[in-house]
Structures are given as structure tokens and as C-alpha cells.
Amino acid sequence: DSALFMQSRALHPQNSWEMNIGDSHFDVCPHFDTPPHGGRHLTVLESVYYNMIQLPRSRIETMNHVIKSHAMFKQTYRGYVENLSVFVKISMHAAALVIRTNREHGSFRYQGFGWWSHENPPSHF
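No experiment lies behind these values; they were computed from the predicted model shown. (Residues numbered from 1 in each chain as written. Predicted model: local features only at pLDDT ≥ 70, side-chain atom pairs only at ≥ 80, totals over all residues. Heavy atoms only, no water.)

Student: Can you tell me about the overall build of the protein chain, naming the residues and giving the values?
Tutor: On a plain count of helices and strands, the protein chain comes out with 3 helices and 2 strands. Moving toward the C terminus, one meets the helices and strands of the protein chain in the order α-β-β-α-α. Relative to its 125 residues, the protein chain shows a buried fraction of 14%. Nonlocal contacts in the protein chain, meaning residues at least 24 apart in sequence, comprise 35% of its contacts between residues at least 6 apart. Just so you have it, the protein chain exposes about 9,800 Å², and 59% of that area is on carbon and sulfur atoms. (Helix = DSSP H or I, 4+ residues; strand = E, 2+ residues; numbered from the N terminus. Buried < 20%, exposed > 50% of the residue type's maximum accessible area, 1.4 Å probe, protein only. Contact = heavy atoms within 4.5 Å. Areas by Shrake-Rupley, 256 points an atom, 1.4 Å probe, with all protein chains shown as cover.)

Laid out in C-alpha cells, this is it:
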């Protein structure tokens, strides 16, 4: 994954202040927050920080599973990375639509995380 990220880096430009969340093998990539590894004990502040990162990571991993389970991705892809990017984008938007539709019908399988309102759209705007 990290090699593919680095090879396709031009397709997802970032500002210098933007960060990514990734598994330990992404620690070789610039601008990534990754879980600590190597067997050392974390400080209290590090533990709190990495537990906070786990909230969005769990949502991301769930969505990765939804995407990777799509029939389109069950075979080896031999096309252009630009096309793959479009296919993934369409699949993610479709998954988001399904999540919103399910939520409107009382299903909260992939509900949002955090203490703020997850109404769509928020009623205060």
C-alpha cells in the first residue's frame, strides 16, 4: 500500500500541513501518522493521541472493507491508475449514498463518530 501511495502521489497533492493516517508500513511515507511499533511503552499523552486516531481509522478500515468487497475489485486490476482512481471515487460515493439512505430508514451500521451532530444536512445551517 505504501509503495502504491508513493507511486501515485502526484494524483493526490497535499498542502504541507496536511497529514494522513496509516498503518505502520506507511511510516516510510512523508506526512503520515502511524501507530507506534517496536515494543516500547507509550507515554500517557501518546496513548491518548493514538486512541484518538483509532476513531477515524476504524471508520476508514470499515469503508476500505466495503470497497474491497465490491465485485469490481475481486479480480486483478491491470488498467491505468487514473481509471482506478475514478472507479474508487464512484464506488465511495455510492457507498456514502447507501449509508445515508440506510440512516434515513433507521439503520445505523456505519454511523458517524464524535460528539457533534451527524444530521445530513445539519439543521443549524
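This is not the end of the story, as more comes after the structure.
Student: Could you give me a rundown of helix 2 (residues 44-68), with the residues and numbers involved?
Tutor: Look at helix 2: 35 Å from first C-alpha to last across 25 residues, which is about the 36 Å you get at 1.5 Å a residue. Of all the bends in helix 2, the greatest, near 30°, is centred on Leu55, and the proline Pro56 appears no more than four residues after it. Three or more residues of helix 2 are buried, namely Ile53, Arg57, Met63 and Ile67. (Expected span 1.5 Å × (residues − 1). Bend = angle between axes of the 7 residues up to and from the residue.)

Student: I'd love a proper account of the side chain of Ser91, names of residues and values included.
Tutor: With respect to the secondary-structure elements, Ser91 resides in helix 3 (residues 81-104). In this structure, Ser91 is in contact with Ile67, His70, Met72 and Phe73, ignoring residues within four places of it in sequence.

Student: Quick one: what's the story with unusual backbone geometry, residue by residue and with numbers?
Tutor: Positive phi, normally seen in glycine, also occurs at His31, with a value near 65°. Tracing the backbone shows His31 in the loop between strand 1 (20-21) and strand 2 (32-33).

Student: How would you sum up the confidence of the model for the protein chain? Please name residues and give values.
Tutor: Confidence in the prediction for the protein chain averages 77 pLDDT; 83% of positions are at 70 or higher. The least confident element of the protein chain, judged by mean pLDDT, is helix 2 at 79; the most confident is helix 1 (residues 2-7) at 86. Segment residues 121-125 is flagged for pLDDT under 50; beyond a separation of four residues in sequence, or across chains, it makes 0 contacts in the model. (pLDDT = per-residue confidence, 0-100.)

Student: I'd like to hear about the environment of Met63, residue by residue, with values.
Tutor: Mapped onto the secondary structure, Met63 falls in helix 2. Sequence spacing of Met63 and Ala95 is 32 residues, and the spatial spacing of their C-alpha atoms is 8.2 Å. Ignoring any residue separated from it by four or fewer positions in sequence, one finds Met63 in contact with Met92, Ala95 and Ile99.

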